[in-house]
Amino acid sequence: MWDDAFPSFLIGLREGLEAGLIVSILVATLVRAGARSRLPQVWTGVLAAIALALSFGAVLTFTAASLSATAQEAFGGTLSVIAVAFVTAMVFWMRRSAHSLSGEIKEKVTGALGMGAGVLVATSFLAVGREGLETALFLWTTAQAAGESAGPLAGAAIGLVLSAALCWGLYRRVLRINLTKFFTATGAVLIVIAAGVLGYGLRDLQEGGVLPGHTSYAFDLSGSVDAGAWYSTLVQGVLNLTPAMTWLQVLGYGGYLAVVLTLFVRGVRDTAPRRVPTGVPTRVGTEAAESAEATDATEADEANLPAAQPTQASRRRPAWLVPVAVVTVPALIAGAAVVFGRPKPAAAETVAVSGKECGKGFSAPKPGRQTFQMHNTGDKTSEVYLVDPATNAVYGEVEGLAPGTTRALVATVAGGTYAWRCVPSSGPAVTSKAVRVSGGGTSQAVVPVSEQDLSGPLQQYESYVDKGLATLVGQTRTLAADIKGGHLGKARADWLTAHLTYSSLGAAYGTFEDFDQKINGRADGLPGGVHDKDFAGFHRVEYGLWHGESAASLTAPAQQLATAVAGLRTAFPHQDFDPSDLPLRAHEILENTLQFELTGDTDEGSGTNLATADANLAGTRELLAVLRPLLTTRAPHLLPTVDADAARLQTLLDAARHGSTWTPVAQLDATVRAEVNGATGQLLEDLSPVPDLLEIRKSA
């Protein structure tokens, strides 16, 4: 957890020390002025600043939680950039002001003593409040970057506690700290950390659609760097450097470091402390440490500060009233901001669904996320779609709504035209009267796909499979001939060639019917396992070839495999290939790869699971090639991401290939295996929208 905690620890330590020094000066100045009775006013101001910072953090957290995923990215990215600006200003301000901080605070307190209690409260509040707000904002952004709050909160808490202990030690004259060196060193480290936060913020703005270049990567080391390793976690947690970064992130990170760090180092040289003459008493080592010398009672000008007496009004006011008020007011304001700032869910509108009453009860909804109660008043099960009648784009749907039942449909409504389309299980589709919604914002709609839209890609893929099966017939016959002739060494090579050809046809497995079990069945679930009489196909032959079986015992299984492949080649043109299977297979091929090949579950001795995974990836790419025109118009940003994922996985698989041999899954280095699994999982995640995007809808 320390990798996520360190940036927050540093900001807590530095901001806490700044605020603590200010409070120490305030307290010491009042003590020397004989105005100890005014100390509660200082602590009230400090308490108010803390309450404001906590309330500000709560508003950020709950406001972000009520936004959509895209809006959260844009919101978080904007605040990250603002946090970087604040931290940068703080670093330069402290470097410039440390040597004169004590005098400025004393001057303000001297003026406040002759005025009312509220002025002293305001003085301490303003002196500490800025640090509190900066801490809250930076802590929130680092928690967002880390993806969790436990580490950043723990780091900030440790930093604040340590800063309080340091300030107490300085106040009591038990510590000597060179504050100039401290603020210089921590300032330089914070600039590096802030560069990472800036890069993370820019990435969020890209993912939120505010900035371009979401898929324009300057580098992508995901294939060679294990993102889960301790060193990757440390670098990402502390510096926000990730294995893959866009050009905008790299330019922002490098540009910020080059400019800000150069100015900071140059400023440190220009404001280097002058040598302190011998004999001049100093407790912390440099002129900048004057901010900690608030308790030096030898300063005669401080001994003559006026001691203000409490007013009659303050005597009558309960001592607890002001502290309670300064804590309660920010909390109430924050609560109001959260409650009233959240989008209020509109009352669910009931809409009738039937062949005669489709859309009855529907009125123009307000923009935002809406819930509609769809009630089937007819006598047939219906599909229900919220559509743009001009383009048929679907904003929401309910499938299989039975007669007399009610189900909720949730959709985000923005400016545009909306109508309901009811599609009964039998009979024509009915579209309601369209309504116009005014307002800003955007809502995601899916342009429906029809069987006709998928007919072209289906024909292309069927042609690809047909050619693959024709090749496979010859390869399995060659394999059978090798085994019959006793050439088992050649048979092993020919087995792999044929098996990879079959593995590249993954999108058609569901169409192959019983042939798939005969050609590529597994021993799992069979009573006799690998020795069961029904164990057949490629894996049966594989087991025999790599477990020392004789050519005579393998001749029959090899011939059965060749016969099954020839039968499939003849039957395939007449089999029913459902067009809706194509989008589903885009995701399912690699799901099977992750479940069976990358676990080694289907390895019967050849150690070629990664070769099969490579063939599965080739089959997925072939399928995406025929679906590309449909996907490009519906999700233009999807394919570049998927292509990058596939290239990353391909690189990892290529590294496991050594001429005609492959590294077995069980022999992979743990780090490499994690990388392969991670790259496959990422590709699967990015492919997951394909079935929904290309689902055949009756409304089309």
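Predicted model, so just to flag it, every value in this text is computed and none were measured.

Q: I would appreciate a short explanation of the overall build of the protein chain in the present structure.
A: The secondary structure content of the protein chain amounts to 22 helices and 12 strands. Within the protein chain, the fraction of its 700 residues that count as buried is 47%.

Q: Just to check I follow, could you spell out the environment of Leu488 for this structure?
A: Inspection of the secondary structure assignment puts Leu488 in helix H14 (residues 488-503). Residues Leu488 and Glu549 lie 61 residues apart in sequence; the distance between their C-alpha atoms is 9.6 Å. Not counting residues within four places of it along the chain, the set of residues in contact with Leu488 comprises Ile483, Leu545, Glu549 and Ala551.

Q: I would appreciate a short explanation of the packing of H14 against helix H16 (residues 538-545) in the present structure.
A: Two numbers describe a pair of packed helices, the interaxial angle and the distance between the axes. Interhelical geometry of H14 versus H16 gives an angle of 155° and a closest axis separation of 11 Å. Classified by the angle between their axes, H14 and H16 sit roughly antiparallel to one another. In the packing of H14 onto H16, the handedness of the crossing is left-handed. Residue-level contacts link Leu488, Ala491, Arg492, Trp495, Ala498, His499 and Tyr502 of H14 to Phe538, His539, Val541, Glu542 and Leu545 of H16. Residue composition of the contact of H14 with H16, by class: eight nonpolar, two polar and two charged.

Q: What is the right way to look at the sheet that holds strand E3 (residues 349-353) in this model?
A: Pairing between sheet strands relies on hydrogen bonds along the backbone, with the strands arranged either parallel or antiparallel. Spatially, E3-E4-E7 is the arrangement adopted by the three strands of the open sheet, whose pairing is mixed. Every other strand in the sheet has two partners, leaving E3 and strand E7 (406-413) as the edge strands with one partner each. Between one strand axis and the next, the sheet turns by 35° as a mean value, whatever way the strands run. Bridge analysis of E3 against strand E4 (residues 368-376) gives five bridges, and the strand direction is parallel. The partner of Thr350 across the bridge, within E4, is Gln373.

Q: Sorry, what's going on with the nonpolar core here?
A: Nonpolar side chains in soluble globular proteins tend to end up buried together. Counting residues in hydrophobic clusters, the biggest one holds 70 residues, and the most contacted among them are Ile483, Ile519 and Leu631. Ignoring any residue separated from it by four or fewer positions in sequence, one finds Ile519 in contact with Tyr502, Gly537, Phe538, Leu561, Ala564, Val565 and Leu568.

Q: Help me understand helix H18 (residues 581-597) in this model?
A: Along an α-helix, a turn takes 3.6 residues, which lines up residues three or four apart on a common side. The axis of H18 is deflected most strongly, by about 30°, at His587. All of the buried residues in H18 are Asp581, Leu582, Pro583, Arg585, Ala586, His587, Ile589, Leu590, Thr593, Phe596 and Glu597. Contact partners of the buried residues in H18: helix H13 (451-484), helix H19 (609-634), helix H21 (670-687) and helix H22 (690-693).

Q: Got a minute to help me understand the packing of H16 against helix H17 (residues 551-571) in this structure?
A: Two elements in contact, H16 and H17, have axes separated by 9 Å at closest approach and are oriented at 155°. In terms of their interaxial angle, H16 and H17 are classed as roughly antiparallel. Between H16 and H17 lies a crossing whose hand is left-handed. Between H16, through Phe538, Arg540, Val541, Gly544 and Leu545, and H17, the contact on the second element is made entirely by Ser553, Leu554, Pro557, Ala558 and Leu561. Class assignment of the residues belonging to the contact of H16 with H17 gives a composition of seven nonpolar, two polar and one charged.

Q: What am I meant to see in the packing of aromatic side chains here?
A: We describe a pair of aromatic rings using the distance from one ring centre to the other and the angle between the two ring planes. One pass over the structure, following the stated rule, counts 11 aromatic pairs. For the pair Trp495 and Trp546, a centre-to-centre distance of 5.4 Å together with 70° between the ring planes defines the contact as edge-to-face. Of this pair, Trp495 sits in helix H14 while Trp546 sits in the loop between H16 and H17, placing them 51 residues apart in sequence. Residue Trp546 is classed as partly exposed on the basis of its relative accessible area, which comes to 27%. Residues Phe572 and Phe577 carry aromatic rings whose centres are separated by 6.4 Å and whose planes lie at 75° to one another, so their mutual orientation is edge-to-face. Through pairs of rings, three or more aromatic residues link up here, namely Tyr461, Tyr464, Phe572 and Phe577. Here Lys518 stacks its cationic end above the ring of Phe515, 5.7 Å away from the centre of that ring. A cation sits over an aromatic face here: Arg522 above Phe596, 3.9 Å from the ring centre.

Q: Sorry if this is basic, but what is going on with unusual backbone geometry here?
A: Positive phi values are uncommon outside glycine, yet Asn392 reaches one of about 70°. Relative to the helices and strands, Asn392 is located in the loop between strand E5 (382-387) and strand E6 (394-401).

Q: Honestly, the pairing of E4 in this entry has me stumped. Any pointers?
A: Consecutive side chains along a regular strand alternate between the two faces of the sheet. In the sheet, E4 pairs with E7 via eight bridges, with the strands oriented antiparallel. Within E7, the position partnered with Arg369 by the bridge is Thr412.

Q: I keep staring at the environment of Asp388 and nothing clicks. Help me out?
A: Along the chain, Asp388 falls in the loop between E5 and E6. For Asp388 and Ala419, which are 31 residues apart along the polypeptide, the C-alpha to C-alpha distance reads 6.2 Å. The residues contacting Asp388, other than those within four sequence positions of it, are Ala393, Tyr395 and Thr417.

Q: Sorry if this is basic, but what is going on with H21 here?
A: Between its terminal C-alpha atoms H21 stretches 26 Å, which fits the 26 Å expected from 18 residues at 1.5 Å a residue. All of the buried residues along H21 are Glu675, Val676, Ala679, Thr680, Leu683, Leu684, Asp686 and Leu687. In the core, the buried residues of H21 are packed alongside H18, H19, helix H20 (638-655) and H22. A distance of 2.9 Å separates the backbone nitrogen of Thr671 from a side-chain oxygen at the start of H21, and that oxygen is part of Asp669.

Q: Even after reading the chapter, I still don't get the side chain of Glu597, so can you show me in this structure?
A: The residue Glu597 is located in helix H18 in this model. Lacking a salt bridge, the buried Glu597 has Arg522 as its closest oppositely charged neighbour, with an N-O distance of 6.8 Å. Side-chain polar atoms of Glu597 contact the side chain of Thr602, separated by 2.8 Å. Other than its neighbours up to four places away in sequence, Glu597 contacts Asn592, Thr602, Asn609, Thr612, Asn616 and Val665.

Q: Which parts of the structure should I look at to understand the pattern of salt bridges?
A: It is possible for side chains bearing opposite charge to pair when their charged atoms get close. Taken as a whole and assessed by the stated rule, the structure comprises 11 salt bridges. Between Glu549 and Arg540 there is a salt bridge, with the nearest N and O atoms lying 3.2 Å from each other. Residue class for Arg540 comes out buried when judged on its relative accessible area of 13%. Here the salt bridges do not stand alone but share partners, grouping Asp482, Lys490 and Asp494 into one network.

Conventions we followed
Residues numbered from 1 in each chain as written. Predicted model: local features only at pLDDT ≥ 70, side-chain atom pairs only at ≥ 80, totals over all residues. Heavy atoms only, no water. Helix = DSSP H or I, 4+ residues; strand = E, 2+ residues; numbered from the N terminus. Buried < 20%, exposed > 50% of the residue type's maximum accessible area, 1.4 Å probe, protein only. Contact = heavy atoms within 4.5 Å. Axes fitted to C-alpha atoms, helices over the stretch in contact; angles between N-to-C directions. Parallel < 35°, antiparallel > 145°, perpendicular 65-115°, else oblique. Left-handed = near helix turned anticlockwise from the far one by under 90°. Nonpolar A, V, L, I, M, F, W, Y, C, P; charged D, E, K, R; others polar. Pairing = 2+ DSSP bridges. Core = buried A, V, L, I, M, F, W, Y, C linked by side-chain atoms within 4.5 Å. Bend = angle between axes of the 7 residues up to and from the residue. Phe/Tyr/Trp six-rings, centres within 6.5 Å; stacked < 30°, edge-to-face > 60°. Lys NZ or Arg CZ within 6 Å of the ring centre and 35° of its normal. Expected span 1.5 Å × (residues − 1). Polar contact = N/O pair within 3.5 Å; in protein donor to acceptor, adjacent residues only side chain to side chain. Lys, Arg positive; Asp, Glu negative; His and termini not counted. Salt bridge = Lys/Arg side-chain N within 4 Å of Asp/Glu carboxyl O.

What is shown is where atoms sit, not what they do.
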